[in-house]
Amino acid sequence: VEDQHRLCIDVIDKGSGIPVMFRTKVFQKFAQADGSDTRQKSGTGLGLAITKALVEQMQGEIGFDTVENKGTVFHVTFPTVPHLS
């Protein structure tokens with residue numbers, strides 16, 4: 001969605017949602033909700049930390065809404081550049 005001053009992008013994940021106890025850590029480096037050796041999903045825990053850093057470097061903002069066992073919607077907002085006429 002774009003308005004006169006910003007561009008908004010929503011990314012919808014229909015997975016298990018983000019557990020309440022993990023929500024404050026979701027953008028931290030190496031953070032994983034399931035840190036066990038037997039977790040079902042692999043990863044380093046860097047993706048959202050890198051995404052947040054890139055979005056902020058572009059003067060944007062990132063956040064999310066989540067419901068456990070329903071999914072998560074990540075919101076990314078960037079300021080727009082006025083068109084030159």
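Here goes a summary of the coordinates provided. In this text, all values refer to a predicted model and were calculated from it rather than measured experimentally. (Residues numbered from 1 in each chain as written. Predicted model: local features only at pLDDT ≥ 70, side-chain atom pairs only at ≥ 80, totals over all residues. Heavy atoms only, no water.)

The strand order across the open sheet formed by three strands is β1-β3-β2, and the pairing between neighbours is antiparallel. Of all strands in the sheet, those bounded by a partner on one side alone are β1 (6-13) and β2 (61-67). Here the strands of the sheet are splayed against their neighbours by 15° on average, with no regard to which way each runs. Where β1 and strand β3 (residues 71-79) come together, eight bridges link them in antiparallel fashion. Pairing of D10 across the sheet is with H75, part of β3. Together, β2 and β3 form the strand contacts of helix α1 (residues 47-57), whose direction differs from that of β2 by roughly 140°. (Pairing = 2+ DSSP bridges. Helix = DSSP H or I, 4+ residues; strand = E, 2+ residues; numbered from the N terminus. Axes fitted to C-alpha atoms, helices over the stretch in contact; angles between N-to-C directions. Contact = heavy atoms within 4.5 Å.)

Here we come to the nonpolar core. Soluble, globular proteins show a tendency: their nonpolar side chains are buried together. Among the nonpolar cores identified, the biggest contains 10 residues, and these are I18, F22, V26, F27, A31, V55, I62, F74, V76 and F78. In terms of residue count, the dominant contributor to this core is β3 (three residues). (Core = buried A, V, L, I, M, F, W, Y, C linked by side-chain atoms within 4.5 Å. Buried < 20%, exposed > 50% of the residue type's maximum accessible area, 1.4 Å probe, protein only.)

Here the phi dihedral of Q59 falls at roughly 60°; this positive angle occurs in a residue that is not glycine. As for its position among the elements, Q59 is in the loop between α1 and β2. Backbone geometry places N69, a non-glycine residue, at a positive phi of 65°. For N69, the location among the structural elements is in the loop between β2 and β3.

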